[in-house]
Amino acid sequence: MVKIVGIVGSPRKEGNTHILVKEAINAAKEIGADTEIINLGSAEIEPCIACDICKSTGECAIYDDMSVILAKVIESQGLIIGSPVYFGNVTAQLKMLMDRSRPLRMDFKLKNKVGGAISVGGSRNGGQETTISAIHEFMLIQDLIIVGDGAPLAHFGGTGVGGAKEDTESDEIGLETSRNLGKRVAELAIKINKP
């Protein structure tokens, strides 16, 4: 069975990004994937301090929740990352995960895992695509295989609209694109990892 990990990059617990990542994860579960959601907003994560110790040891010198989070990502076959739009980009919480994942790139531990992105903005054209692009760039650098939400909509990924907490529960486009993304990530991860 493949494992798909959903990462919620929002500092808000149980908010709009969580709703859409959960929607994607549930779609992956429906087609047979084992799943888990990690909320960065409740994790203790420090920023990279550019000490370069990871270049010589292969491990980060900061001891916080990041080592547990990265271990779960390494064990997965698929990764769905969600972030609200913060000035056209990802949140600080998600950026810290990206920066601190440098040890994984030493020997490309995420190579050939399937990745997809979800973003929530304050309006339909509220920076979701630029935020998803930032997540895609991270995935490309880590050598993941990126998928979008596929047919019939074929967006960059899950694209939601929400300001107030739980707004995305009534965003049919956001829910549909997130479900489709979760399904696509799981389908490809299952195909790639067939015995």
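Here we summarise the structure given alongside this text.

How each quantity is defined
Residues numbered from 1 in each chain as written. Predicted model: local features only at pLDDT ≥ 70, side-chain atom pairs only at ≥ 80, totals over all residues. Heavy atoms only, no water. Axes fitted to C-alpha atoms, helices over the stretch in contact; angles between N-to-C directions. Helix = DSSP H or I, 4+ residues; strand = E, 2+ residues; numbered from the N terminus. Parallel < 35°, antiparallel > 145°, perpendicular 65-115°, else oblique. Left-handed = near helix turned anticlockwise from the far one by under 90°. Contact = heavy atoms within 4.5 Å. Expected span 1.5 Å × (residues − 1). Buried < 20%, exposed > 50% of the residue type's maximum accessible area, 1.4 Å probe, protein only.

Some details on the packing of helix α1 (residues 16-30) against helix α7 (residues 172-192)
Contact geometry of α1 with α7 gives a least axis separation of 7 Å together with a crossing angle of 40°. On the basis of the axis angle, α1 is oblique to α7. Taken as a pair, α1 and α7 cross one another with a handedness that is right-handed. Facing Ile19, Leu20, Glu23, Ala24, Ala27 and Ala28 of α1, the residues of α7 in contact are Gly174, Leu175, Ser178, Arg179, Gly182, Lys183 and Ala186.

Some details on helix α6 (residues 128-141)
Along an α-helix, a turn takes 3.6 residues, which lines up residues three or four apart on a common side. The terminal C-alpha atoms of α6, which comprises 14 residues, lie 20 Å apart, in line with the 20 Å expected from a rise of 1.5 Å per residue. If you check which residues of α6 are buried, you get Gln128, Thr131, Ile132, Ala134, Ile135, His136, Phe138 and Met139. The inward-facing, buried residues of α6 abut β3 (78-84), α4 (92-100), β4 (114-121), β5 (145-146) and β6 (158-161). A positive phi of about 70° marks Asp143, the residue just after α6.

Note that every value here comes from positions in space, so none of it alone points to a role or purpose.
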